[in-house]
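Read off the chains here:
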Amino acid sequence: MPMADALIDRLAADLPPVRPRRASREFGVLLGVAAIEAVLILVLGLARPDLGPVMPPMFWWKLAAPAALGVLATATALRALDPARRTVGVRWLGLLALAALGVGWALAGVEPMGDLDPDLGLRCVVAATIFSVPPALALGVLLRHGAPSHPSRVAVAAAIAGGAWGAAFLGLHCPNDGVMHALLWHSFGIALPALAAALPLTRAARW
Amino acid sequence: MEDKRQWGALMAAAQGGDARAYRGLLGELRPWLLGYYRRRLPPAQVEDAVQDALIAIHDKRHTYDPARPFAAWASGIARYKWIDRLRSSARAPDGAAPIEFAVEGHESAVTSATVLTAMLATLKPQQAEVIRLVKLMGFSIEEASARTGQSESLVKVNIHRGLAKLATAANDDKEGERADG
């Protein structure tokens, strides 16, 4: 088959060295992006004014629950960028999100329920969306670089990761520690950016 | 013929820029890919699929981890490109060229027919029937409509949905074949 032989010759003729991808290295890049963003939030004065060493439990929930989801979703997406991987594991992310909501609801015993505060809530969703952009962009670049067996599922995991990172940074920014506010608006702060990012990330993941 | 255990070493060398090792690897992969796609695609699509897979292997060669089996990696790429073609078939206009399965080798033809029969059995009878008529036997939409009693629109819808379901089934097949390595 001369055409195939010509193709092989052409591919072999243009062969710059490549660095094998490592999911662990890419995970480090994502953590670096997250760390830089967190520092910028602090340096630019975007953090809540009462931020200090002793904070109420709901503050830590608003920070830790989405951060845990972000870490797991990021690892899930990056691990699945290998064409030899036949599974992605998106279901685990749903289970973790439910568990995090359960923990948050349990905090109703020690934290004021507060009110929904729609004005602040909407501002929180907008802020989370903005905060989710850098990690989502970084994930998009990494998805483009990979070769997933299931691009749409990987994109869902990456979209959840972007939304979760944004919501984790929102935890540094939002001053409302009411249970109702956190459970509703911070969950929206994950879900809405994730929905918005799912389609472009799916396109980025296809190859 | 080829020693698949060395493919990983050849790809690792290619990642370092060794063009000779890479040419040797692609030359050995080509017949393996031909066999892979002959069992899954009509003859007219096999060579294109092989070339697509070779280009994908080239573009994504940085995703191969030399510490892991090469065969599973190459098989994952070949499988992804196969599913891509199934999806394209599902999206293609209904008047697209009919699917004719391999007759070059008896074993290959039997394998293709067996796989195809098993896959069609997972569809609704109306879907399987029109896919057989239009995509395998070469009947037109009008002829398939006349033979089955389905309206022309329904024939098109059943072909589209049936092919989409086949693509999904192939995509979800976690037991999909890996390379022999």
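An account of the accompanying structure is given in this report. Fair warning: this is a prediction, and the values are worked out from it, not measured in the lab.

The next point concerns the overall build of chain A. Assigned secondary structure in chain A consists of 7 helices and 0 strands. Helices and strands in chain A line up, N terminus first, as α-α-α-α-α-α-α. Along the first, second and third principal axes, the C-alpha set of chain A runs to 75 × 35 × 25 Å. For chain A, the proportion of contacts with a sequence separation of at least 24, taken over those separated by at least 6, is 87%. Surface exposure of chain A reaches about 9,700 Å², of which carbon and sulfur atoms provide 73%. Measuring between centres, the 16 positive side-chain charges of chain A sit 10 Å from its 12 negative side-chain charges.

Attention now moves to the packing of helix α3 (residues 57-79) of chain A against helix α6 (residues 151-173) of chain A. Residues and elements named next belong to chain A. Viewed as axis vectors pointing N to C, α3 and α6 meet at an angle of 155°, and their least axial separation amounts to 7 Å. Classified by the angle their axes make, α3 and α6 are roughly antiparallel. Remark: the crossing between α3 and α6 carries left-handed chirality. Contacts between α3 and α6 involve Phe59, Lys62, Leu63, Pro66, Ala67, Leu69, Gly70, Val71, Ala73, Thr74, Thr76 and Ala77 on the former and, on the latter, Val154, Ala157, Ala158, Ile160, Ala161, Ala164, Trp165, Ala167, Ala168, Gly171 and Leu172. Classifying every residue of the contact of α3 with α6 by side-chain character gives 18 nonpolar, 4 polar and 1 charged.

Attention now moves to the packing of aromatic side chains. Residue and element names in this part refer to chain A. Under the definition given, this model contains 11 aromatic pairs over all chains. For the pair phenylalanine 59 and tryptophan 60, a centre-to-centre distance of 4.9 Å together with 80° between the ring planes defines the contact as edge-to-face. Judged by its relative accessible area of 2%, phenylalanine 59 is buried. Of the residues examined, tryptophan 60 reaches a relative accessible area of 42% and is grouped as partly exposed. Consider the rings of tryptophan 165 and phenylalanine 169, whose centres lie 6.4 Å apart with planes at 25°: the pair is stacked.

Residue and element names in this part refer to chain A. Two numbers describe how helix α2 (residues 23-43) lies on α6: the axes approach to 10 Å, and their chain directions differ by 25°. When the interaxial angle is binned, α2 and α6 end up roughly parallel. Two packed elements cross with a definite hand, and for α2 against α6 that hand is right-handed. Along its contact with α2, which presents Leu31, Ala34, Glu37, Ala38 and Ile41, the element α6 presents Trp165, Phe169 and Leu172. When the residues that make up the contact of α2 with α6 are grouped by side-chain class, the tally is 7 nonpolar, no polar and 1 charged.

Rules and cut-offs
Residues numbered from 1 in each chain as written. Chains lettered and ligands numbered in written order. Predicted model: local features only at pLDDT ≥ 70, side-chain atom pairs only at ≥ 80, totals over all residues. Heavy atoms only, no water. Helix = DSSP H or I, 4+ residues; strand = E, 2+ residues; numbered from the N terminus. Contact = heavy atoms within 4.5 Å. Areas by Shrake-Rupley, 256 points an atom, 1.4 Å probe, with all protein chains shown as cover. Lys, Arg positive; Asp, Glu negative; His and termini not counted. Charge placed at Lys NZ, Arg CZ, Asp CG, Glu CD. Axes fitted to C-alpha atoms, helices over the stretch in contact; angles between N-to-C directions. Parallel < 35°, antiparallel > 145°, perpendicular 65-115°, else oblique. Left-handed = near helix turned anticlockwise from the far one by under 90°. Nonpolar A, V, L, I, M, F, W, Y, C, P; charged D, E, K, R; others polar. Phe/Tyr/Trp six-rings, centres within 6.5 Å; stacked < 30°, edge-to-face > 60°. Buried < 20%, exposed > 50% of the residue type's maximum accessible area, 1.4 Å probe, protein only.

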